[in-house]
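Chains, contacts and geometry: an overview
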Amino acid sequence: MDISVIGAGYVGLITAAGLSEKGHNVTCVDIQKERVELINSGRAPLFEEGLEEILKRNVGENLRATTDLENILNTDVTFICVQTPADFDGAVDLRYIKKAVSDMGKILRKKDSYHVVVVKSTVPPGTTEEILIPLLEKNSGKIAGKDLGVVMSPEFLREGLAMRDFLNPDRIVIGTYDKRAVKIVKRIYNANCPVFETTPKTAEMIKYASNIFLATKISFINDIGNICKKLGIDVYEVAEGLSLDHRINPHSMRAGLGWGGSCFPKDIRGLVHKSRELGYEPKLVDAVIQINEEQPKIMVRLGKNKLGSLENKKAVVLGLAFKGNTDDVRDSQAFPVIELLLREGAEVTAYDPKAMENAKKVLNNRVRFADSAEKALKDADIAFITTDWDEFKNISFDGMKRKIVIDGRNILRDRRDIDYEGLCW
Ligand code: NAI
């Protein structure tokens, strides 16, 4: 099938690459010229395992990128994957998706045949029906459900495992009233998993509820971990015992520095904002956020307790990506750790295997960057492990002045001969 994907960022590019692997003819559209050029040269503008191999294989064959939105006219289906960031007060900023949808609508006016629009961006419940469909109808002159099929189909991929998740999802959610569109979207995904058909508004809520549930699990085990630490109990053993109950699975149960990334923080705040607007105070979700905000403070406090004061101490932060296997630093928990260390007067050196360039844009020259863990750790007083990169599992702390290590991800294997402390164990 001929498919266009608007927005060649994280989700858009994974979607485009994944659909091209399934044999579809895919055109990505993005407003960033450099990004488009990079993709067309077979290189990925972001790090995700397996992505570049697919680009190398399919670009020039059944996958291409362009800045020209008119190309959607040569396709039957368009996936919308533009960003929906948080506003200054936590509300979801719909500016980009409204613009994309309006521009698309104007172009679709020229098309005679049926066209399917799949909203993959995460949007607050009600957005597709109340905002996006009216915008599409107004700009295209078409009627949804008749000559335009509109589907809300959220994306559930995990960064770091995104290609695998896209190609082997746990489930696909299709929210629409248009039976013709359902058939087409199912054929496109051609996935070996449950397909859940519902309304657009419910599909939107399923996405928010999924992210909030997963963040709740992480904050829950961190809360338990913080209590365990005080009691001298290993929270990992507790989590293992807990997870043997089939109602509680072992995923998202690793106590540590907490959640971050491009989705959980903004989506959780987005739904909290929506909920307050509707007059409901979401107490559990608020607590989930609070626990997460506490973890970096506890981590730095543990370091301070070891040294008495962090002032003028050489502190190393190992990991800037919000999780291992990605170069994405959006809302990484490493940043509040760094901010707190700087506030305590520490001299901070940071290292990450993949995310240094992205982190430099956030941190500027307020910290030093080392191009290897070994160089970062040389003569350091204390190290904080903030991201679960495999590279950090067997790291050597021999070059440090004082071998104090605060492990925020319970990742270090050999804990002998160092002054080791886990964040909540
Ligand atoms: P991103 O910021 O990485 O990418 C968005 C892309 O859209 C950018 O390349 C931007 O230049 C492009 N764009 C913006 N306006 C455009 C327009 N009018 N025409 C063409 N291109 C345009 O965002 P990301 O992370 O891919 O997220 C996209 C959506 O997917 C968001 O709603 C997000 O919440 C959701 N999502 C993200 C996941 C993730 O792991 N990153 C997972 C699941 C959902």
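Residues numbered from 1 in each chain as written. Predicted model: local features only at pLDDT ≥ 70, side-chain atom pairs only at ≥ 80, totals over all residues. Heavy atoms only, no water.

What follows deals with the domain arrangement of the protein chain. When the domains of the protein chain are assigned, the result is domain 1 (2-207) and domain 2 (232-425). The interface of domain 1 with domain 2 comprises 20 residues on the first partner and 18 residues on the second. Roughly 1,400 Å² is buried in total at the junction of domain 1 and domain 2, and carbon and sulfur atoms are behind 56% of that figure. On the domain 1 side of the interface with domain 2, the three residues burying the most area are Phe47, Gly90 and Glu159, jointly 41% of the side's total. Linking domain 1 to domain 2 there are 1 salt bridge. (Domains from an automatic or database assignment. Contact = heavy atoms within 4.5 Å. Buried area = accessible area lost by both parts, 1.4 Å probe. Salt bridge = Lys/Arg side-chain N within 4 Å of Asp/Glu carboxyl O.)

Turning our eyes to something else, we now look at the side chain of aspartate 165. For aspartate 165, the location among the structural elements is in helix 6 (residues 162-167). Taking the relative accessible area as the measure of exposure, aspartate 165 reaches 11% and is therefore buried. At 2.7 Å, the side chain of aspartate 165 forms a polar contact with the side chain of arginine 158. Setting aside residues no more than four positions away along its own chain, aspartate 165 makes contact with Leu157 and Arg158. (Helix = DSSP H or I, 4+ residues; strand = E, 2+ residues; numbered from the N terminus. Buried < 20%, exposed > 50% of the residue type's maximum accessible area, 1.4 Å probe, protein only. Polar contact = N/O pair within 3.5 Å; in protein donor to acceptor, adjacent residues only side chain to side chain.)

Let us look at the packing of helix 1 (residues 10-21) against helix 3 (residues 51-58). The contact between helix 1 and helix 3 brings their axes to 10 Å, and the two run at 55°. By the angle class used here, helix 1 and helix 3 are oblique. The handedness of the crossing between helix 1 and helix 3 is left-handed. Of helix 3, the residues touching helix 1 (which contributes Leu13, Ile14, Ala17, Ser20 and Glu21) are Leu51, Ile54, Leu55, Arg57 and Asn58. (Axes fitted to C-alpha atoms, helices over the stretch in contact; angles between N-to-C directions. Parallel < 35°, antiparallel > 145°, perpendicular 65-115°, else oblique. Left-handed = near helix turned anticlockwise from the far one by under 90°.)

What follows covers the packing of aromatic side chains. Each aromatic ring pair is summarised here by two numbers: the centre-to-centre distance and the angle between the ring planes. Tallied over the entire structure, the rule returns 4 aromatic pairs. A centroid spacing of 5.3 Å and a plane angle of 80° characterise the contact between tyrosine 236 and tryptophan 425, whose relative ring orientation is edge-to-face. Placement of the pair is tyrosine 236 in helix 9 (residues 235-243) and tryptophan 425 in the segment after strand 14 (419-422), with a sequence separation of 189 residues. Among the residues examined, tyrosine 236 registers a relative accessible area of 15% and is labelled buried. Centroid distance tyrosine 351 to phenylalanine 392: 6.2 Å. Interplanar angle 65°. Geometry classified as edge-to-face. Remark: phenylalanine 392 occurs in the loop between strand 12 (382-385) and strand 13 (404-407) and tyrosine 351 occurs in strand 10 (residues 347-351); sequence separation between them is 41 residues. A single burial state applies to tyrosine 351 and to phenylalanine 392, both of which are buried. The ring of phenylalanine 47 is capped by lysine 354, whose NZ or CZ atom sits 4.6 Å from the centre of that ring. (Phe/Tyr/Trp six-rings, centres within 6.5 Å; stacked < 30°, edge-to-face > 60°. Lys NZ or Arg CZ within 6 Å of the ring centre and 35° of its normal.)

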